[in-house]
Every structure is written in structure tokens, then in C-alpha cells.
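Structure assessment
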Amino acid sequence: MPVQMAQYGTKHSHAAGKIVAMQENPDVELVGVYEPDAEHRAQLADSDTCFATVHWFKSAQEMLADPAILAVASEGLNVESLDQTEEIVAAGKHVWYDKSPGDNWAQWQRVVAAARDKNLLIQMGYMLRYHDGFSRIADWANSGLLGHVFAVRAHMSTNIPSGRRKQINAHRGGIFYELAGHMLDQIIWILGRPAKTACFLRTDDHGTSEQVAGFADNTLGVFEFDGAMAMVDIAAMETQPMARRYEVYGTAGSAIVVEPFEPGSLIRLCLAEATEEYSAGVQMVPFQSRSRQELYDQELKAFLRTIAGEQEPDRLPEHDLLVQETLLRAVGTLVD
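- Looking at an unreviewed UniProt entry, one finds the protein named Gfo/Idh/MocA family oxidoreductase, with Caldilineaceae bacterium SB0661_bin_32 as its source organism.

**Considering the pattern of salt bridges**
- One pass over the full model with this rule turns up 19 salt bridges.
- The partner of Asp98 in a salt bridge is Lys18, and the shortest N-O contact between them spans 2.8 Å. Residue Asp98 is located in the loop between strand 4 (94-97) and helix 5 (105-117), and its partner Lys18 is located in helix 1 (residues 15-24); the two are separated by 80 residues in the primary sequence.
- Its relative accessible area of 0% is what places Asp98 among the buried residues.
- Overall, Lys18 belongs to the buried group, its relative accessible area being 0%.
- Here Glu262 and Arg292 are joined by a salt bridge, their closest N and O atoms 2.7 Å apart. Taken as a pair, Glu262 in the loop between strand 11 (253-257) and strand 12 (266-271) and Arg292 in helix 9 (residues 292-307) lie far apart in primary sequence, 30 residues in all.
- What makes Glu262 buried here is its relative accessible area of 19%.

**Considerations on empty space enclosed by the protein**
- Per the stated rule, a full pass over the model turns up two cavities of 30 Å³ or more.
- Each pocket or cavity is described by its volume, and for the largest cavity that value is around 90 Å³.
- Surrounding the largest cavity, His12, Ser13, Leu77, Asn78, Val79, Arg164, Gln167, Ile168, His171 and Glu178 form its lining.
- Within the residue set of the lining of the largest cavity, elements represented by two or more residues are helix 4 (78-90) and helix 7 (162-168).
- Per-element tally for the lining of the largest cavity: the top contributor is helix 7, with three residues.
- Considered class by class, the residues forming the lining of the largest cavity number three nonpolar, five polar and two charged.
- The two domains that each donate at least three residues to the lining of the largest cavity are domain 1 (3-127 + 295-314) and domain 2 (132-289).
- The computed volume of the second largest cavity comes to approximately 40 Å³.
- Residue lining of the second largest cavity: Leu121, Ile122, Gln123, Met124, Arg129, Tyr130, Thr306, Pro313, Asp314, Arg315 and Asp320, and that is the complete set.
- Take the lining of the second largest cavity: its biggest share by element is three residues, from strand 5 (residues 122-124).

How each quantity is defined
Residue numbers here run from 1 along each chain, matching the order of that chain's written sequence. Per-residue local features are limited, in this predicted model, to residues with pLDDT of at least 70; the limit for side-chain atom pairs, both in listing and counting, is 80 or more; totals at the level of whole chains, interfaces and linings are taken over all residues. In computing side-chain properties, one takes all heavy atoms of the structure into account and sets aside hydrogens as well as water. We define a salt bridge as a side-chain nitrogen of Lys or Arg found within 4 Å of a carboxyl oxygen belonging to Asp or Glu. Put simply, DSSP marks the helices as runs of H or I at least four residues long and the strands as runs of E at least two long, and each gets a number from the N terminus on. Relative accessibility thresholds used throughout: buried, under 20% of the residue-type maximum; exposed, over 50%; partly exposed, between the two (1.4 Å probe, protein chains only). With a 1 Å grid spanning the protein atoms alone, the term cavity applies to any set of points in which a 1.4 Å probe fits but cannot get out, the term pocket to an open set with protein on both sides within 12 Å along at least five of seven lines, and the term lining residue to any residue with an atom within 4 Å of a point. Grid points are joined across faces, edges and corners, and a volume is the space filled by probe spheres set on the points. Note on residue categories: nonpolar means Ala, Val, Leu, Ile, Met, Phe, Trp, Tyr, Cys or Pro, charged means Asp, Glu, Lys or Arg, and polar means any other residue, Gly included. Delimitation of the domains relies on an automatic or database domain assignment.

Structural data, given as C-alpha cells:
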């Protein structure tokens, strides 16, 4: 019998993709959507998008009070989604929650604790967890194949219009706040909690129609660990298609997802010594390429398996707390 799910909010940049994933998954019955902005809701209802055929709840209470709904996708803007997620957890439902979980660190800790007390899953929407290239590199790093990992470099720039910049500018850190969580999710999975963080938040897109006053559009985060450093650079005005990169360096080898890492299909692996599976030197290792929508589909499958008790969570709550803590430390919302 399909799991009944709903969606709270529609303004997150991943919201449409999550709707499609639920609509197309045979193990899910998408019961409906609640969008608190009536004007935006009307626009979506009259569109030719995936939202055109959904049932619209009249209130959050109508959705959250329905005992048949076991899980809710939290897809509001980052300024509203943490409050909405807290409502979902309070209603006793599992949450498929899109990044990033707000600026209020105490509230995020409280929501995670409440979910743990209620035995509810909060699964964060860091879709690169389900990217085979990133997963392969994390396994190599954590297994010791690369030796002692001493450096990670990540580049995840984008190109976004002024309207989205105005929305993102509600958060300290600008484009770094918006996207760095994807990379920190990977870096912390390998290296743990950084001892020190530093972030350079610049506004360099001057004199263009897309410039928004005070918006951090050219950013660099530096993270110091015991025996390692990681660097994450993100800009908001890179020419498309973006040259996104992810590189992990160890004393016994290095692994790089050949750009662009979405969808990606190859890893450049370089090893100092041969193993049973890999040769010494440079080799190109193929992996299964997935579109962004396919990554959302993989997210949802893992979410459903976890709430059904068929697998353990792919990340524990402590990890998700640490990712957000690190992001907030980096942009200065939390002080080191």
C-alpha cells in the first residue's frame, strides 16, 4: 500500500523536483500540497507545471491533522521552512526536508531533538549523497584507499537572477549560505567537525542588472581540521554551463569528479600504489550518471526505505546538525 505524503511549501528551488519524485514513485500517494502564499498558490494551480493537478489544502492544519499522511516534504523558502518543519514534526510526521535548515541554530537543535523523541525521520535534501561519484569518493576516503586525506577542494558556482538573489539575501552569507551545505555535507562525512572556519563574502557582480546591494555573490570558505584543510568557493554569476568540481587529496591518492559533477560520469583516480582493483597512477573510473531528477528519486527511495525500517538513515541527526552548525559558523551567524 502506497505511503501517503504531502508537501508543505512550494518556493524552494527543489520544490518542483520533489513533487515530480512523489508523483512518479509507485510507493507514494501524493495527497496534496499546502502553500501559505495564496497568490503564489493560484499561479501554480493555473500553470502547466507539475503543480497543476495537485490537491491544494486550505490550511496547514488540514494537512497536518490528517492521520493517514505519514510524511511531508518541507519545501518552503529557507526563511520559512524551519518553522514549517517544526510544525510537521509536532504533528508526528516524518520530514523530507530541503536545505538549508534556517538561521536559528537553537530552533534547529530543538526540532531535531523533538524528532528523535518521537522516533521520526528528518532526511535532509542534500541530493549529492545519492550521486554515485561522490559516494564512491567518500567510500575510498573513509576506507583508507586515499591514505590520510589532507585537502578537499570544492567549486559549486551558479548563475541566478536578481529575484532569487533578493530571496537568498535574507540569510547572512548570500550564495554561500544557499549552496555550501551540499559540499559541507560531503566534507564533514569524510573529515568530521572543523576546528576553525573562515569565510570571505564578497559582492563583486558590480554594474549589472542582476546585482543586488549587499548580496554576497563571490564567496570562499576555508575549514581547518586536524591534519587537513578544505576550501569551498561559490559564486552567483558564473557563465553557464558551470564548471563544478569536487577534489579529494590524500597521501596515498587523489580522486576528482571530472567536471561538471552534475550529472558526471567519470572520476580521475590517482594512486601511489596498485591495489587489487585499481592500478598505480592515473585512471578514469566510470560511475552511474544520474540527472538531478534521478537524484531526487534516489533521495525519496532512501527516505521510504528508512521510514519502513528497511534500512538505517543514510546520515544520522548528529551529522545533519554538524553540517548546519559548520555552515552557520562559516558565515558568522555562530561565532567560533
